[in-house]
Amino acid sequence: MLNDIVIFEWRYHTRQATFLAAAALFALMGGALAALGFGADNIPNNSPYLVMEAFGFLSLFALFAAAVFAANAVLRDDDSRMRDIIDSTPAPRFAFVFGRLAGAYVATLTAVAFSIAGWMTITSLDARPSLYAFAVITMPNVLFCVALIFAVAMLTRSSIATYAASVVVYVLYLVASALSNSPLMAQSKAGGGGGTIPSLADPFGLTAFFDVTRHWTIAAKSTAFVPLTGVLLANRAIVIGAAIALAFVAWKAPRRRRTTTSQVVEGQAESLSYTFNGRVAMELRAFFTKPVLLLYLLWIGLAVTEINSDVFEAEYGSTMYPATGLIINALMQPLFIIGALLIIYFGAEMYWRERRTRMAPIIDSTPVSGAWMIASKWIAMATVIASIVVCSIGIGVTMQLARGYHDFRPLVYLSLFYIAGLPLVLYAAASLLIHALSPNKYTGMVLVVMFLFLARRYDAPPQPRYSDLIGFGDTLRAFSGFILPRAAIAMLLVVIATTLWRQRRKTRLALGCAVTVFVIGTVLYVTRDVEANQEPERPSVRATEKLLASVPYQVAKRQHGNIAIEIDYQHPMNVAHMLDVAEASLDVLQETVGPYPHKTLRIVETPSDSPYGGFALPGIVLLREDRSFLTDMRDPNRFDLIARRVAHEVSHQWFGHSIIASRERGGLVITESLAKYGELMTLEKLHGRDSVRQLLEMELERYLSGRARETDREVPLNRVALQPYLYYSKGAIVLWAARDLLGADAMTNAIRTIAKEPQPTGANLTRALHNPLVDEWMNDITLYDFRIDDAHASHRGDGRWDVLLRVNATKVRSDARGNERPLPLRESIGIAIDDQSEKRELHDGMNELAFITNAKPQRATVDPWITRIDRNPRDNSKAVQAP
Amino acid sequence: MLSLSGLTKTYSNGVRALDGVDLTIDRGLFGLLGPNGAGKSTLMRTIAALQDPDEGSIVLDGIDVRANPQELRKRLGYLPQDFGVYPGISAVVLLDHIAVLKGISDRRARRREVDELLELTNLADVKHKAVSTYSGGMRQRFGIAQALLGKPSLIIVDEPTAGLDPEERNRFHNLLSELGENAVVLLSTHIVEDVSELCSRMAILSGGRVVREGEPAKLIAELDGKLWRRTVPKSALAEFRAKYEVVATRLFAGQTQIRVLADERPEHGFEPVAPDLEDVYFIAC
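Residues numbered from 1 in each chain as written. Chains lettered and ligands numbered in written order. Predicted model: local features only at pLDDT ≥ 70, side-chain atom pairs only at ≥ 80, totals over all residues. Heavy atoms only, no water.

*Asks:* Just to check I follow, could you spell out empty space enclosed by the protein for this structure?
*Replies:* If a probe as big as a water molecule is rolled over the atoms, it shows which places are left empty. All names here are of chain A. One pass over the structure, following the stated rule, counts nine cavities of 30 Å³ or more. The calculated volume of the largest cavity comes to roughly 100 Å³. Contributing to the lining of the largest cavity are 14 residues, with Phe336, Ile419, Ala420, Pro423 and Arg456 lying nearest its centre. Among the elements of the structure, helix 15 (324–356) and helix 18 (410–436) are those that each provide at least two residues to the lining of the largest cavity. The element best represented in the lining of the largest cavity is helix 18, accounting for five residues. (1 Å grid on protein atoms, 1.4 Å probe; cavity = no way out; pocket = protein on both sides within 12 Å on 5 of 7 lines; lining within 4 Å. Points joined across faces, edges and corners; volume = space filled by probe spheres on them. Helix = DSSP H or I, 4+ residues; strand = E, 2+ residues; numbered from the N terminus.)

Below is the structure:
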């Protein structure tokens, strides 16, 4: 019986128009991904890594297909009112439930598989990588989605609740992505990434995938299969386990009747509301049910996570004051997502309600006009969208209060209705027309998904950004120029939907489609933005003067010897600290390089849409408001981001201005790597060695993930062109390591030497340092790998402890694509046991080292001060086993 | 044989749908007559094990239905009141699916039975069309076809002719009349003609209780000589209602005709009239 049921289910699903729409959607997406060259250029489209990433991304959309098929499989009996006939058969529950579940699963999987067909129309696809990715990523993902939707539908027998459940899954995914700094999310920050819990929790496996391949080189990404181990294996097991558990829940769910006859009649009576307000109220009442309130809780969770991730967990482990502009910037993307989900699911329910409860013939024979019906639904959807915006404002204000920040700027919050709410309302209008043109609810939903995907991809609104200094600047004008013609289009779409409300004759439909397409095409063509992406204006002294004139700045001054330090600011919180840091960095750099080349040092706060974090002009330092002035330094344990920024830009007064580096390869070592060296010197002076180590740890992570994301080829430091992970991160580690190796004075002398050379590059500096090891670090791609295999301690007779460490050491040279060749190693490397550290000579292979400590040893670490680039720093530290 | 005893059911909104129903039903067509809201559908659904009564027992051929609903379902054919069907699926495919659910696992046996039933219900030449496009009469015939799958020993037919035109109803009656030989057929309806034409035994359900039971002919005979008819002006209607037990009023050629229950002629102007099942029904309810 199970087989027969599954066959019937599969035939049923694949015969629906919905299935065709879903298959077309996936084929379209597969083709789009292949055509857009998903992933980096230096990795062939066929690589198992890329295929797996693509399949993972596609399975995000599988949830919609799963919702359609699985919900249908459960609710079909109620919807078509065949439930009594079905329930009076003796089919055992097991066969019935699992037959329907399996049928929905296979149908969804088939629809998703069309994405492969779409992909293959553009470019070829090898069998092995795609089968592997399909089996490891797609099949478990789809199984989970189908099982979840199925279980919720069985338990609640309600479409609304089922859709709320699928929103839960998306929220889980988005939260996991935000927490783990996923590369698929908007901006990935420096110095962060990964995490076990997000990797396990993400039901689509993408977070785990990115975590496992974080440091993969180009060579690995081109050929290797992502192994099913570690956190990826655990995640897949959890997902499959959860799916099985959900299927079990569906099996054992109590047989619920959806409504008694009387309740249906009541519901129908409500539909007969003649006044316009009554209609809107009825739509809203039908929407605001218990499962939907859960949705608001979830939105709160998602919004809080996004704001937290963007504002409170900023770069380099710092945190920021929650300025209103930052909060609304953080909310724009998630607002679109939650709005889109609401439009897709609840918009469908809203549109089709009358047909679903079979009230349509009754309603349509009343004098209520199609315009009223459509308009009331649109207003209801707009109200729902507005309520989400209101909720968001509440969240933002709460988070500001929680951090003791009171500059609320209510008008900026209200702008959210315009910049986030209005586009969603216009999408809702379009969705109404799409449903009017669709043969049934599920097809309409799939088409709405397709529409939203295309609209966001090809016709996304220009994002307005708010800065406390200049407000919205030009961005709001650009947005208005975009949105107003589209608002006109939306009105037209609503009118067309109105005419289709009662009669869906083929001629009208065809005419409706034609007019729609024609009008949209014309309006978009006429209002297209001829000026494509303008190049952002390069910072200059003149532009800065203009800015100073237009923004109401306050000024802070301090005299440091014969240098006048001045800060032009709007946010006062960090100004005093900046003055301190400026003084310290001036001292440190004057000692190292030479006198400060100007009479004044001016630090200016610039708006948050400036295309840099910090910028140095001669005698002037520009710092972006949300990369320093808004940094929240109240917790002394956090890394001093302000010191880093200020010192970096002050260093540029020498490196890059009084010393002009070559524009050839390796020039940026002088400009940027030495600026990092200036940062490190300043940090050491202000906060000591620990602060230096904190920064170097983050730079190491930046280097390793940067080289893993390299889209071209990695080059040695002295041949660097425009790779920040090299000239910032690798440069910082290498130059500080050189200082550790040769001493501060040797570095100072070398810097002074190249300062006198014309157009120096890193090669000049390397020559001046005159050391074979430094040569290797700067002229090759040299990597180390230290690993503590064993750490044992035993009590000595005299109250002290013997510690025995087994340390494995490797040194390799890497080529441009990441292929490695081992090198012999004989270097003096630091070993720390708790807070004692000393240098020992390590050779390649296994090293047995003996120490004596006074107190019971807790933890051993190799290279505690980060003097070498370790390709895997996670195994450098180990707890000491002591009896 | 089907025995119901002491069935009661009160809904959560306070409605007492079944108030102690006792019935014994043999093979053949049994008519259950009653007004809307009498509890007929509740009773049908309870017997079909779709809902549980508060109290009471249902026994079919020795099987305790409440304890073993699955055993009932194996022997049940159920045509619900006002059912729907999956959109876009043809009759032959849908019947085959229901046959699967009823446990007819052999594909060939299924095919055979489906074809036979399609012939029986005169749907053979539209069997590949979607059931959702059928007219009302065709859909009811499909309903009976699916109910007959698996050769059930209890067939429950709930309000089957409501909404059918006279020709369709006639056809449906012919179908039903052949079923009584090997099964208990429970026909629940508020249309008196259905019972009077088809059923050899009947009961009248009103207010959740069985108020009359027996053979239709006998029940009618009880009223012999007790029914009187008279034409009255509309304005006098209230007066007559107060004086006599008016069973029914009808319009005949624009005039109001009343039927009164009395042991003897009530007054001048009344003439005796032969009772019919409708009178039995009106008197009972």
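Let us keep going from here.
*Asks:* Could you clarify how one ought to interpret the nonpolar core in this entry?
*Replies:* One recurring pattern in soluble globular proteins: nonpolar side chains tend to sit buried together. All names here are of chain A. With 173 residues, the main nonpolar core has Phe61, Phe69, Phe150, Trp299, Tyr345, Phe346 and Leu416 as its most contacted residues. Looking at which element gives the most residues to this core, the answer is helix 3 (residues 48–80), with 22 residues. Aside from chain neighbours lying at most four places away, what touches Phe61 is Phe26, Met29, Tyr170, Val449 and Phe453. Phe655, Ile670, Val720 and Leu783 belong to the second-largest nonpolar core, a separate cluster that totals 93 residues. (Core = buried A, V, L, I, M, F, W, Y, C linked by side-chain atoms within 4.5 Å. Buried < 20%, exposed > 50% of the residue type's maximum accessible area, 1.4 Å probe, protein only. Contact = heavy atoms within 4.5 Å.)

*Asks:* Would you mind going over the environment of Leu424 of chain A with me for this structure?
*Replies:* All names here are of chain A. For Leu424, the position within the fold is in helix 18. The class of Leu424 is buried, set by a relative accessible area of 4%. For the pair Leu424 and Phe336, spaced 88 residues apart in sequence, the C-alpha separation works out to 7.1 Å. Once you skip the residues sitting within four places of it in the chain, Leu424 turns out to touch Leu335, Phe336, Gly339, Ala340, Ile343 and Ile385.

*Asks:* How do you make sense of the side chain of Thr475 of chain A when you look at a structure like this?
*Replies:* Residues and elements named next belong to chain A. Topologically, Thr475 is positioned in helix 20 (residues 475–499). The class of Thr475 is buried, set by a relative accessible area of 18%. Of the polar contacts made by the side chain of Thr475, one reaches the backbone oxygen of Phe472; its length is 2.5 Å. Leaving out residues up to four positions away in the same chain, Thr475 has contacts with Gln463, Pro464 and Arg465. (Polar contact = N/O pair within 3.5 Å; in protein donor to acceptor, adjacent residues only side chain to side chain.)

*Asks:* Help me understand the interface of chain B and chain A, please; the structure alone is not making it clear to me.
*Replies:* One frequently used descriptor of interface size is the decrease in accessible area upon assembly of the parts. Contacts between chain B and chain A engage 27 residues on the former and 26 residues on the latter. Approximately 2,500 Å² of surface area, both sides summed, lies buried where chain B meets chain A, with 62% of it carried by carbon and sulfur atoms. Looking at the side of chain B facing chain A, the largest losses of area belong to Arg73, Tyr86 and Leu101 of chain B, adding up to 28% of the total buried there. Our enumeration of links across chain B and chain A arrives at 10 residue pairs in polar contact (both at pLDDT 80 or more). (Buried area = accessible area lost by both parts, 1.4 Å probe.)

*Asks:* Sorry if this is basic, but what is going on with the packing of aromatic side chains here?
*Replies:* Each aromatic ring pair is summarised here by two numbers: the centre-to-centre distance and the angle between the ring planes. Residues and elements named next belong to chain A. The full count for this structure, using the stated rule, is 34 aromatic pairs over all chains. Judged by centre distance (5.3 Å) and plane angle (85°), the rings of Tyr418 and Phe479 are edge-to-face. Of this pair, Tyr418 sits in helix 18 while Phe479 sits in helix 20, placing them 61 residues apart in sequence. Taking relative accessible area as the criterion, Phe479 reaches 0% and is therefore assigned buried. Each residue in the set Tyr49, Phe209, Phe210 and Trp216 is aromatic and connected to the rest through ring pairs, giving one cluster. (Phe/Tyr/Trp six-rings, centres within 6.5 Å; stacked < 30°, edge-to-face > 60°.)

*Asks:* Got a minute to help me understand the pairing of strand 4 (residues 55–60) of chain B in this structure?
*Replies:* Regular strands show a simple pattern: their side chains alternate between the two faces of the sheet. All names here are of chain B. Of the strand pairs in this sheet, strand 1 (residues 2–10) and strand 4 are connected by five bridges, and their pairing is antiparallel. Of the residues in strand 4, the one forming a bridge with Thr8 is Glu55. Pairing analysis gives two bridges linking strand 4 to strand 5 (residues 63–64), with the strands arranged antiparallel. Looking across to strand 5, one finds that Leu60 is bridged to Ile63. (Pairing = 2+ DSSP bridges.)

*Asks:* How should the environment of Ala750 of chain A be read in this particular structure?
*Replies:* Counting through the fold element by element, Ala750 of chain A comes out in helix 28 (residues 744–755). Separated by 36 residues in sequence, Ala750 of chain A and Phe786 of chain A place their C-alpha atoms 30 Å apart.

*Asks:* Could you clarify how one ought to interpret helix 1 (residues 40–47) of chain B in this entry?
*Replies:* Each α-helix turn comprises 3.6 residues. Residues three or four places apart therefore point the same way. Residue and element names in this part refer to chain B. The element helix 1 is largely enclosed, with a buried count of seven among its eight residues. For helix 1, the complete set of buried residues consists of Lys40, Thr42, Leu43, Met44, Arg45, Thr46 and Ile47. Positioned one or two residues after helix 1, Ala49 has a phi angle of 60°, which is positive.

*Asks:* What is the right way to read the sheet that holds strand 1 (residues 554–560) of chain A from this model?
*Replies:* Adjacent strands of a sheet pair through backbone hydrogen bonds, lying either parallel or antiparallel. Residues and elements named next belong to chain A. The five strands are arranged 1-2-3-5-4 in an open sheet whose pairing can be described as mixed. Strands with a single pairing partner mark the edges of an open sheet, and in this sheet they are strand 1 and strand 4 (614–617). Recorded for the sheet is a direction-independent mean angle of 15° between the axes of neighbouring strands. Sheet topology places strand 4 next to strand 5 (residues 620–624); four bridges connect them, and they run antiparallel. Across the sheet, residue Gly614 finds its bridge partner in strand 5, namely Leu623. Contacts from helix 22 (residues 541–550) reach strand 2 (563–569), strand 3 (600–606), strand 4 and strand 5 within the one sheet, and its direction differs from that of strand 3 by about 65°. (Axes fitted to C-alpha atoms, helices over the stretch in contact; angles between N-to-C directions.)

*Asks:* When you look at helix 3 of chain A in this model, what are you seeing that I'm missing?
*Replies:* Residue and element names in this part refer to chain A. Compared with an ideal rise of 1.5 Å per residue, which puts 33 residues at 48 Å, helix 3 spans 44 Å between its outermost C-alpha atoms and is within 8% of the ideal. Residue Val74 marks the point of greatest curvature in helix 3, where the axis turns by about 55°. For helix 3, the tally of buried residues reaches 32 of 33 residues, placing the bulk of the element in the interior. Remark: Arg81 follows helix 3 within two positions and exhibits a positive phi of approximately 60°. (Expected span 1.5 Å × (residues − 1). Bend = angle between axes of the 7 residues up to and from the residue.)

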